[in-house]
Amino acid sequence: MTRISLSVNGRPTSADVAPRTHLADFLREQLLLTGTHLGCEHGICGACTVEIDGEIARSCITYAVACDGARVRTIEGFDDDPMMTRLRQAFTQEHALQCGYCTPGMLIAARDLLRRKGGLGRNEIRIEMSGNLCRCTGYTGIINAIGAVMAETGVRQHAPASKSGWRGPAPGPEAGTCDAAELKGPPHAYQDAPAQTRPLSAASTRRPIKVTVGRLETIEGRTSLTQSFVLPYQRDAVWRILSNPVEVAGCMPGMVLDGPPLDGRATGRMEVRLGPIVASFAGEGTYERFDEDHRQVIEGKGSDRRSGSRASGRVEYQLLSTTLDGAGATEVQTRISYVLTGPLAQFSRSGLVRDLVARIGEMFAEAVDARLSGKHGPSARTTHLSAFRLMLRIITARILARFRSFQKKISH
Amino acid sequence: MKAVAFDYARPRTVGGAIRLLSEKPDAKILAGGQTLGPMLNLRLAQPSLLVDITRIAELAEVEEAPDSVTLGATITHAAVEDGRVPDPARGLLQLVANGIAYRAVRTRGTIGGSLAHADPSADWLSCFTALEATVVIAGPFGRRYVPIMEFMRGALDTGLEHDELLVAIKVPKLSTRARYGYHKICRKTGEFAEAIGVAVDDPGLGIVRLVAGSTQGRPIVVDGIERLEAAADCIEAKLLAAGLGDDAYELSIHVAAVKRAIAGALAA
């Protein structure tokens, strides 16, 4: 728990909050100010709109702990406000509410619009108010009500809500009496001039290998695609690496085997830590090699305990002799297919997946190339970084798809 | 829709933030939280520590030079929208800020947070790419300056190390002869853009920059354009060549966004 002090509707308040408690929950459950409503709880619907230091904000994605030292104003704090009184009358006259769920947020956003702008047309008011969703009225009454009040107030000059001149999110550095977090220790001596340079990772010293990715197909939830790359080594040399499951796993970004494979089976995990998201696919795999064709088939499945997602996939690759700049070389042709279920599954954007597979393919090809050239294989740090990038891409698809599907759902 | 538990720290200095980030590799920087907040609530992100950088005075500063303006990372979209910072692009930044999400998001969402998150659909990435801005990054080994095209590596993928902090963006000033257009296509106002087009024509600086944003990865810079007047005709071929041809709808919507941006610039 962290102690915070803030002003709510003009009254100084101190409370202990868990950092994860968002402002709306704090207002509703600790201060019993239930006029602030929670709709979507992830910043889409606008029902939880309040004012923080005079500017409107979504209280469901602002954490109470971050409001230490701020002035918060909820719908309960507008009872005596003349503009709000007039808006309430207009909402009543124009039938701008039915169930009332969106109304507190709608009123606070509308009042803020009237404070900042005047003389807007209906369409402009609609655009300005588009961050607040109403499922009853079809918005007509709401736009009428705001338009009516705006016609009375005329064109206004936008006055900044905050006189402090702070340009960042409220409340800024001037606010806050108790800054417990800072007490963890004084900031160490920080120098702007580079005291030393960051050590280069193994990955940054590798030479780039071009990977070609074919068209992506999804049939009954199974996505498949092809990719290929050429390594400037003889086929037998490349096969020595690519026929060995331990070597293959070692070149795969983020992959760790539990132990040496036995009887064509191996267990391991794809462990990744990426900025905001940590995921670890644990599972098992089988492999089957066909030496005469220089071909190998690897199948695996695993699950990420944290997100509850599951993945299964199949990778088949074959080595073909070719030439590169007149010298003997090897083309690695790969066919990949996979099924992903659970929260990570929203892999709807083909461009992202192609990009991802090309990226994984490049990192893999560069690692194999580094092994063949006698340079060091991937270090732990490299694996980590590669995994980081790789997972970010997976997450991208998931987050974007999720946000967008949610927004579509909510706006239809 | 409740975030999992995390620790919270609120450093007063850039150095303090970097120290915290160095100590906890899975710490996450919290600026305005307008993207991270939803991610935390949806439990997509489960960091052990949030480092709130909004109390670091230096990060909301503005530095104006004869040929550039450097904007601190925690400057909000609303501050740009309201004209509370100088606009090196003669109104383009203000125009872009005004169209980001909704006012209640713009009051807390920050320029630096948007760039560091690197969602291809985000407005600032495309806008600053067209302006050839430079990202200023602070880390344990000092500061480095990275051109925005090198900074973004792909969707949600940047060159930031876990112990680094994006502190500012340095934006070159356009000349008085500059004209620009910006257009984004969204299903719903304020939602993520499906396509973004940016056109900047500055005879004073001798540049014609066209950018197609909100792709699957980095914004596409349409190169080889000498005259804005003649640009619209070759956009489709250029975007096709840049790899946007996989999906006919995606191609056409990006062509439309860039063409409308060009039309906007020509009408200016």
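Rules used throughout
Residues numbered from 1 in each chain as written. Chains lettered and ligands numbered in written order. Predicted model: local features only at pLDDT ≥ 70, side-chain atom pairs only at ≥ 80, totals over all residues. Heavy atoms only, no water. Helix = DSSP H or I, 4+ residues; strand = E, 2+ residues; numbered from the N terminus. Buried < 20%, exposed > 50% of the residue type's maximum accessible area, 1.4 Å probe, protein only. Contact = heavy atoms within 4.5 Å. Areas by Shrake-Rupley, 256 points an atom, 1.4 Å probe, with all protein chains shown as cover. Expected span 1.5 Å × (residues − 1). 1 Å grid on protein atoms, 1.4 Å probe; cavity = no way out; pocket = protein on both sides within 12 Å on 5 of 7 lines; lining within 4 Å. Points joined across faces, edges and corners; volume = space filled by probe spheres on them. Pairing = 2+ DSSP bridges. Axes fitted to C-alpha atoms, helices over the stretch in contact; angles between N-to-C directions. Core = buried A, V, L, I, M, F, W, Y, C linked by side-chain atoms within 4.5 Å. Domains from an automatic or database assignment. Buried area = accessible area lost by both parts, 1.4 Å probe. Salt bridge = Lys/Arg side-chain N within 4 Å of Asp/Glu carboxyl O. Polar contact = N/O pair within 3.5 Å; in protein donor to acceptor, adjacent residues only side chain to side chain. Nonpolar A, V, L, I, M, F, W, Y, C, P; charged D, E, K, R; others polar.

A. Representation of the overall build of chain A within the structure. Of the regular secondary structure elements, chain A holds nine helices and 14 strands. Put simply, chain A has 412 residues, and 50% of those count as buried. A separation threshold of at least 6 residues defines the contact pool for chain A, and within that pool the share at least 24 residues apart is 59%. Per element, the accessible surface of chain A, about 19,200 Å² overall, is 52% carbon and sulfur.

B. Molecular detail of helix α10 (residues 248-267) of chain B. All names here are of chain B. Taking 1.5 Å of rise per residue, 20 residues should cover 28 Å, and α10 covers 28 Å from first to last C-alpha, within 8% of that figure. Among the residues of α10, those classed as buried are E250, L251, I253, H254, V255, A257, V258, A261, I262 and A265. Residues of α10 that are buried sit in contact with β11 (179-185), β12 (195-202), β13 (207-213) and α9 (235-244).

C. Seen up close, empty space enclosed by the protein. Taken as a whole and assessed by the stated rule, the structure comprises six cavities of 30 Å³ or more. The volume enclosed by the second largest cavity comes to roughly 80 Å³. Every residue lining the second largest cavity is counted, 13 residues in all, and those nearest its centre are A:I56, A:A109, A:E128, A:N132 and B:R103. Those elements that place two or more of their residues in the lining of the second largest cavity are β4 (55-58) and α3 (103-116) of chain A together with α5 (103-106) of chain B. Considering each element in turn, the lining of the second largest cavity owes the most residues, four residues, to α3(A).

D. Just the sheet that holds strand β3 (residues 49-52) of chain B, in detail. Residues and elements named next belong to chain B. In space, the three strands of this open sheet follow the order β1-β3-β2, with parallel pairing throughout. Across the chains shown, the open sheet's two edge strands, defined by having one partner strand only, are β1 (7-9) and β2 (28-30). Between one strand axis and the next, the sheet turns through 30° on average, direction left out of account. The pairing of β2 with β3 spans three bridges and is classified as parallel. Bridge assignment links I29 to a residue of β3, and that residue is V51. Sheet strands touched by helix α1 (residues 14-23): β1, β2 and β3. Its angle to β3, the strand with the most contacts, is close to 170°.

E. Structural view of the nonpolar core. In terms of nonpolar packing, the biggest core is built from 44 residues, with B:L115, B:W124, B:F128, B:L131 and B:I169 touching the most fellow members. Considering each element in turn, this core owes the most residues, six residues, to helix α7 (residues 123-131) of chain B. Split by domain, this core shows at least three residues from each of two domains, domain 2 (58-172) and domain 3 (180-267) of chain B. In this view, B:L131 contacts B:A89, B:L92, B:L93, B:V171, B:P172, B:L174 and B:V200; residues no more than four positions away in its chain are not counted. A:A90, A:F91, A:A110 and A:I125 belong to the second largest nonpolar core, which has 33 residues in total.

F. Spatial organisation of the domain arrangement of chain B. Residues and elements named next belong to chain B. Here chain B is described as being made up of domain 1 (7-52), domain 2 (58-172) and domain 3 (180-267). In this assembly, 28 residues from domain 2 lie in contact with 22 residues from domain 3. With both sides pooled, the region where domain 2 packs onto domain 3 buries about 2,000 Å², and carbon together with sulfur makes up 60% of that total. Counting across the interface, domain 2 meets domain 3 through two salt bridges. On inspection of domain 2 and its partner domain 3, the count reaches 15 residue pairs in polar contact (both at pLDDT 80 or more). Among the elements that take part in the side of domain 2 that touches domain 3, α7 stands out by supplying seven residues, more than any other. Broken down by class, the residue content of the side of domain 2 that touches domain 3 amounts to 16 nonpolar, six polar and six charged.

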